[in-house]
Amino acid sequence: MVTLSFLTDSEQGTLEAGKELAGSLAPGDVVILTGSLGAGKTVLVRGLAEGMGIDPRAVHSPTFAMVTAYGPSPSGIRLVHVDLFRLDEPAEVEELGLADLLEGGAVMAVEWGERLPARLGRGAVRVTIEDAGGDSRRITILRDADPA
């Protein structure tokens, strides 16, 4: 498992963490984002988009749409942004067809990713955003070395 940690006190710092993470992602990767409401999950996804060459201004919180696709990037990769906040049952998550979206050559960022079925979370990049006091956030990125 590979671990990175960032301490940021601004939205720009959270964007930069997302941009840095984007450089290590490939089609089929799942990024599971956890953190409290307002922690900066969508801001980090904006950073992912920018790091992939996708206009970050297009990224918005997908709470009501639940699934939004951006791109493709200049290299042809789409960013699929999922928000599972409003879903309570595993069957509701399954009905979204997220596995099918990954097969199309996308990177998927999942807010409230703790609700994602375990089979989709295998080998995922896990990003936790925690309050570090004041305006500071600690962003911890864990990547399983072996997705099997």
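For every chain, the first residue of the written sequence is number 1, and numbering continues from 1 along that sequence. This being a predicted model, a pLDDT of at least 70 is required before a residue's local features are given, and a value of 80 or more before pairs of side-chain atoms are given or counted; all residues contribute to the totals for chains, interfaces and linings. Note that the side-chain values use all heavy atoms of the structure and ignore hydrogens as well as water.

**Comments concerning the overall build of the protein**
Threshold: Only DSSP runs of H or I covering at least 4 residues are called helices, and only runs of E covering at least 2 are called strands; the numbering of each starts at the N terminus. Whether two residues are in contact is decided by their heavy atoms, any of which lying within 4.5 Å being enough. All accessibility values rest on the Shrake-Rupley procedure with a 1.4 Å probe; residue burial counts only the protein chains present in the view.
A tally of helices and strands in the protein yields five helices and seven strands. Along the protein, from the amino end to the carboxyl end, the secondary structure elements read β-α-β-α-β-β-α-α-β-α-β-β. In the protein, once contacts between residues fewer than 6 apart in sequence are set aside, the share between residues at least 24 apart is 62%. For the protein, the exposed surface amounts to about 7300 Å²; the carbon and sulfur share of it is 52%.

**With respect to the pattern of salt bridges**
Condition: Salt bridge, as used here: a side-chain nitrogen of Lys or Arg that lies within 4 Å of a carboxyl oxygen of Asp or Glu. Throughout, exposure labels follow a simple rule: accessible area from a 1.4 Å probe, protein chains only, divided by the maximum for the residue type, with under 20% read as buried, over 50% as exposed, and the rest as partly exposed.
Taken as a whole, this structure holds four salt bridges when the rule is applied. Note that R57 is salt-bridged to D55, the shortest N-O span being 2.9 Å. You can call R57 exposed: its relative accessible area is 73%. Given a relative accessible area of 35%, D55 falls into the partly exposed group. Where salt bridges share partners, they join E16, K19 and E50 into one cluster.

**Some points on the pairing of strand β7 (residues 137-143)**
This is how the line gets drawn: One requirement defines pairing of two strands: DSSP has to find at least two bridges between them.
Taken together, the seven bridges between strand β6 (residues 125-131) and β7 define a ladder with antiparallel strand orientation. From the neighbouring strand, V127 faces β7, where its bridge partner is I141. Between β6 and β7, which pair antiparallel in sequence order, lie five residues; one of them, G133, sits at a positive phi of approximately 95 degrees.

**Let's talk about the pairing of β6**
Across five bridges, strand β2 (residues 30-35) lies against β6 in parallel orientation. When the bridges of β6 are listed, I32 appears paired with R126.

**Structural notes on the environment of A132**
Structurally, A132 can be placed in the loop between β6 and β7. Classification of A132 by relative accessible area gives partly exposed; the value is 41%. C-alpha separation for the pair A132 and T8, spaced 124 residues apart in sequence, amounts to 8.8 Å. The contact partners of A132, leaving out residues within four places of it in the chain, are L7, R137 and R138.

**Details of the confidence of the model for the protein**
Where we set the bar: Scored between 0 and 100, pLDDT is the confidence that the predictor attaches to each residue.
Looking at the protein, pLDDT values average 86 and 90% of them are 70 or higher. Looking at the elements of the protein, mean pLDDT is at its lowest for helix α3 (residues 90-94), recorded as 69, and at its highest for helix α2 (residues 41-52), recorded as 96.

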